[in-house]
Amino acid sequence: MKLRYFLLASASVVMLCAPVNAARLESWYFDQAQNKLNITTESGVRPRAFLINNPTRLVIDLPNTDLEGNTLRQTYGAAIKEIRVGKFDANTTRLVVELAPGYTVQPDKVLIQGDTSSHWIVNFSSIERIASGDSQSGEVKTPVQVGGISPFAGVVPLGNEITQLSSQVRSLMSRYRSLDPGLFFIDLETGNYVDYNGEKAFSAASTIKFPILIALFQEIDAGRVKLNETLTMRRDLVTGGSGTMQYRAPGTRFSLLETATKMITISDNTATNMIIDRLGGRNKLNPRFRTWGLQNTVIRNLLGDFKGTNITSAKDLVRLSALVANNQLLSNSSRARVLDIMRRVENTSLLASGLGRGATIAHKTGTLGVILGDAGIIQMPNGKRYLAGIFVRRPFGDRRGREFISQVSRTVYSFLSQPRVAQK
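The structure presented is a predicted model; accordingly, all values stated were derived computationally and were not measured.

Calculation criteria
- Residues numbered from 1 in each chain as written.
- Predicted model: local features only at pLDDT ≥ 70, side-chain atom pairs only at ≥ 80, totals over all residues.
- Heavy atoms only, no water.
- Axes fitted to C-alpha atoms, helices over the stretch in contact; angles between N-to-C directions.
- Helix = DSSP H or I, 4+ residues; strand = E, 2+ residues; numbered from the N terminus.
- Parallel < 35°, antiparallel > 145°, perpendicular 65-115°, else oblique.
- Left-handed = near helix turned anticlockwise from the far one by under 90°.
- Contact = heavy atoms within 4.5 Å.
- Nonpolar A, V, L, I, M, F, W, Y, C, P; charged D, E, K, R; others polar.
- Pairing = 2+ DSSP bridges.
- Phe/Tyr/Trp six-rings, centres within 6.5 Å; stacked < 30°, edge-to-face > 60°.
- Buried < 20%, exposed > 50% of the residue type's maximum accessible area, 1.4 Å probe, protein only.
- Salt bridge = Lys/Arg side-chain N within 4 Å of Asp/Glu carboxyl O.

A.B. asks: I'd like a description of the packing of helix α2 (residues 209-222) against helix α6 (residues 314-325), backed by residues and values.
C.D. replies: Packing of α2 against α6 leaves a shortest axis separation of 10 Å and a crossing angle of 30 degrees. One element, α2, and the other, α6, form an angle in the roughly parallel class. Crossing handedness for the pair α2 and α6: left-handed. Together, F210, P211 and I214 of α2 and L317, L320, S321 and V324 of α6 make up the contact between the two elements. Classifying every residue of the contact of α2 with α6 gives six nonpolar, one polar and no charged.

Below is the structure:
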């Protein structure tokens, strides 16, 4: 496998428990094709890094980050031999990237940069073979510079956390102690944001249909899928849960556009499975999600995924919204069609219920017994836009989860409706 995930939600997870105020490692993966290591923590950290020779190792320390269990090792081959994750001391988690024998990298060719303080990308821009006679004797430790925060998702210059709004959201959370939320909101005009457990991986429920829709329209733009083609509903793709297509006879044919529309607007699970199948399955989709910078978004099973094995995070879905809103992934015609479909989502009980009159939202909701989620692009009547992503783990069926999401949405909308000078 090119990429390896260690996530809290799976059996192959890096299980972590952190002291109060410590960061927690959500996930990491290494992309061999691009020689990039993505590190995602639940809250903000600033890594420290250095290179050691003989053999060449890049050591990345995450201060005030706890890790439970023994050192984990993932072998790769080629230029990168192995990555190890373990504890350096009681307060530091350490990642060690060991290059294969005969390879090296110069300190100035290693770029470490974040798109938020909880997501860092380590880019080995040039791994080189060691020329004969070039190896140094003895062990030499060379510091590697850690850069600043780059634009969020590569497209939105990150501003400051909106402390007043964050305080209001945390006050709401204190009234819903039975809920476990993760949320991220960002103002597209200023780059200012609210973040609470934004990188935390949750069961995606039907929010996974958002990235699937974008992948479909990328294939349409590339000409590999035709918007006017028809899909056959095979028996092995029919499933229960939300949607109406399950009640039609196997072998029924649907247009691609109708299938994609039902996947989003009424969250049809059978339609989703038909789209996943048309796109080549999870082994084709998951690597694509990673190329978009979605660290925590993984399809493990077809819908309906009632056990919640498919995962994502609030910040991942906001990253995707940022790319869509800034015309990075789709042609203009496909982007317009996608937003039109997402504005017609019939479930308006979550983020949509907290918006003011005249606002529009292009979004996708998700509902399981213990999980609620919603993410999308909101436009106010005055033209101002912001992005929202929120998940809540709740006691099974507890309606307070919906109330909380609605109130958070109303709080954010009301705050951002104020004159810009008030956003502090």
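A.B. asks: Describe the sheet that holds strand β11 (residues 119-124), listing the residues and the values that go with them.
C.D. replies: The six strands are arranged β5-β1-β2-β11-β10-β14 in an open sheet whose pairing can be described as mixed. The sheet is open, and its two borders are formed by β5 (65-66) and β14 (146-149), each paired with just one other strand. One ladder, built from two bridges, connects strand β10 (residues 110-116) with β14; its direction is parallel. Following the sheet pairing, G114 is matched in β14 by I149.

A.B. asks: Lay out the packing of aromatic side chains with the relevant residues and their values.
C.D. replies: The tally for this structure, following the rule as stated, stands at six aromatic pairs. The interplanar angle of 70 degrees and the centroid separation of 5.4 Å between the aromatic rings of F30 and Y76 together place this pair among those described as edge-to-face. Residue F30 is located in strand β1 (residues 23-31), and its partner Y76 is located in strand β6 (residues 72-77); the two are separated by 46 residues in the primary sequence. Each member of the pair, F30 as well as Y76, carries the same accessibility label: buried. Taken together, a centroid distance of 5.6 Å and an interplanar angle of 40 degrees make the contact between F289 and W292 tilted. Judged by its relative accessible area of 9%, W292 falls in the buried class. In this structure an aromatic cluster arises from ring pairing among F152, F184 and Y193.

A.B. asks: Provide a residue-level description of the pattern of salt bridges, including the pertinent values.
C.D. replies: Under the criterion given, the structure shown has 21 salt bridges. Between E219 and R224 there is a salt bridge, and its shortest N-O distance comes to 2.8 Å. R224 gets classed as exposed once you look at its relative accessible area, which sits at 53%. Across the pair D236 and R234 runs a salt bridge, and its minimum N-O distance is 2.9 Å. Taking the relative accessible area as the measure of exposure, D236 reaches 52% and is therefore exposed. A relative accessible area of 36% places R234 in the partly exposed class. One salt-bridge network, held together by shared partners, links D115, D195, E199, K315, D316 and R319.

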